[in-house]
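The lines below spell out each chain.
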Amino acid sequence: MTLGKPVQRTNLIEQVTEQLRSEICSGRWKVGEKIPTEPHLCEFTGTGRNTVREAVQALVHTGMLERRQGSGTYVLATSHVTGTLGKYFATAHERDVLELRQALDVTAAVLAARRRTPDDVARLEQLLAERNRLFAGSDIDAAVTADVALHRAIVEASHNAVYLEFYDSLLPSIRRTIDRHVRVTGLGFEPEHTTLVAAVIAGDEDATVEAAQGLFAELTD
């Protein structure tokens, strides 16, 4: 019997990288969420720690994943295109990113007020409650993560796939800006976020514009 060629290490890493990428692209690991721990990934892929580490690093390099010291590895993007844009925005001027985000957030919020579904409403209510609960505590990292998840959910409720893809490319920069602002000011803007979500849920487009613009006016003061 003729034996096949043994699987080369580089090919194995590529296979595992593709397996992890598939979990991200399918939405099973969502943007903003932490991926399973290294031991779980070893069990999931049936490979060793070194292979898993190199596969994860490959996706970090593309911008699809981000390692956070002491916290874990998180999904940043669902495609290489989004990851590439994210790298570009990471070096952009903070003011420029904030202005771009304002345009996206306000328009997406209006679309969300127009198109939100009952599932969107339930998710927004859940994320808002979680966000405000965390901002009342002392875990800034968790609070910022919840804040980013809420804003992304509003964009997702716009049901515009292009907006969401582009917004995802901004998420690392958005998170850094929010984190820095919260640590400097100590402010969480709970009432402003509550007003914005209420307007979106009510389907009141005028109130949504006013609330979104008002929130950004507070953030840029």
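Residues numbered from 1 in each chain as written. Predicted model: local features only at pLDDT ≥ 70, side-chain atom pairs only at ≥ 80, totals over all residues. Heavy atoms only, no water.

Another point: the overall build of the protein chain. Per the secondary structure count, the protein chain includes ten helices and two strands. Seen in sequence order, the protein chain has helices and strands lined up from the N terminus as α-α-α-β-β-α-α-α-α-α-α-α. Counting the 221 residues in the protein chain, one finds 44% classified as buried. In the protein chain, once contacts between residues fewer than 6 apart in sequence are set aside, the share between residues at least 24 apart is 68%. Surface exposure of the protein chain reaches about 11,700 Å², of which carbon and sulfur atoms provide 54%. (Helix = DSSP H or I, 4+ residues; strand = E, 2+ residues; numbered from the N terminus. Buried < 20%, exposed > 50% of the residue type's maximum accessible area, 1.4 Å probe, protein only. Contact = heavy atoms within 4.5 Å. Areas by Shrake-Rupley, 256 points an atom, 1.4 Å probe, with all protein chains shown as cover.)

Moving on, we get to unusual backbone geometry. Here the phi dihedral of His-159 falls at roughly 55 degrees; this positive angle occurs in a residue that is not glycine. On the secondary structure map, His-159 appears in the loop between α7 (140-156) and α8 (161-185). We classify His-159 as partly exposed; its relative accessible area is 45%. For Phe-189, which is not glycine, the phi dihedral falls at a positive 55 degrees. Within the secondary structure layout, Phe-189 lies in the loop between α8 and α9 (190-202).

A separate point is the pairing of strand β2 (residues 72-75). Both strand β1 (residues 65-68) and β2 contribute to a ladder of four bridges, which runs antiparallel. Note that in β2 the partner of Arg-67 across the bridge is Thr-73. Connecting β1 to the next strand, β2, in antiparallel fashion are three residues, including Gly-70 with a positive phi near 75 degrees. (Pairing = 2+ DSSP bridges.)

Within the element layout of this structure, Leu-59 appears in helix α3 (residues 49-62). A C-alpha to C-alpha distance of 7.5 Å links Leu-59 and Arg-21, two positions 38 residues apart in sequence. Those residues in contact with Leu-59 that sit more than four places away from it in its chain are Thr-17, Leu-20, Arg-21, Ile-24, Met-64 and Leu-65.

This part is about the pattern of salt bridges. A full pass over the atoms with the stated rule returns 13 salt bridges. Measuring nitrogen to oxygen at the nearest pair gives 3.6 Å for the salt bridge that ties Asp-105 to Arg-101. Of the two residues, Asp-105 and Arg-101 are both situated in helix α5 (residues 94-115); the distance of four residues between them amounts to about one turn of the helix. Across the pair Arg-183 and Asp-179 runs a salt bridge, and its minimum N-O distance is 2.8 Å. Pair noted here: Arg-183 and Asp-179 are both in helix α8, with a separation of four residues, about one helical turn. (Salt bridge = Lys/Arg side-chain N within 4 Å of Asp/Glu carboxyl O.)

Each packed pair of helices is defined by two parameters, the angle between the axes and the distance between the axes. One way to put it is that helix α6 (residues 118-135) packs onto α7 with a least axis distance of 8 Å and a crossing angle of 160 degrees. Taken together, the axes of α6 and α7 are roughly antiparallel relative to one another. Of the two possible hands of crossing, α6 and α7 adopt the one that is left-handed. When α6 is examined against α7, the residues Arg-123, Leu-124, Leu-127, Leu-128, Arg-131, Leu-134 and Phe-135 are found in contact with a partner set consisting of Ala-142, Ala-143, Val-144, Ala-146, Asp-147, Ala-149, Leu-150, Ala-153, Ile-154 and Glu-156. Along the lines of polarity and charge, the residues of the contact of α6 with α7 split into 13 nonpolar, no polar and four charged. (Axes fitted to C-alpha atoms, helices over the stretch in contact; angles between N-to-C directions. Parallel < 35°, antiparallel > 145°, perpendicular 65-115°, else oblique. Left-handed = near helix turned anticlockwise from the far one by under 90°. Nonpolar A, V, L, I, M, F, W, Y, C, P; charged D, E, K, R; others polar.)

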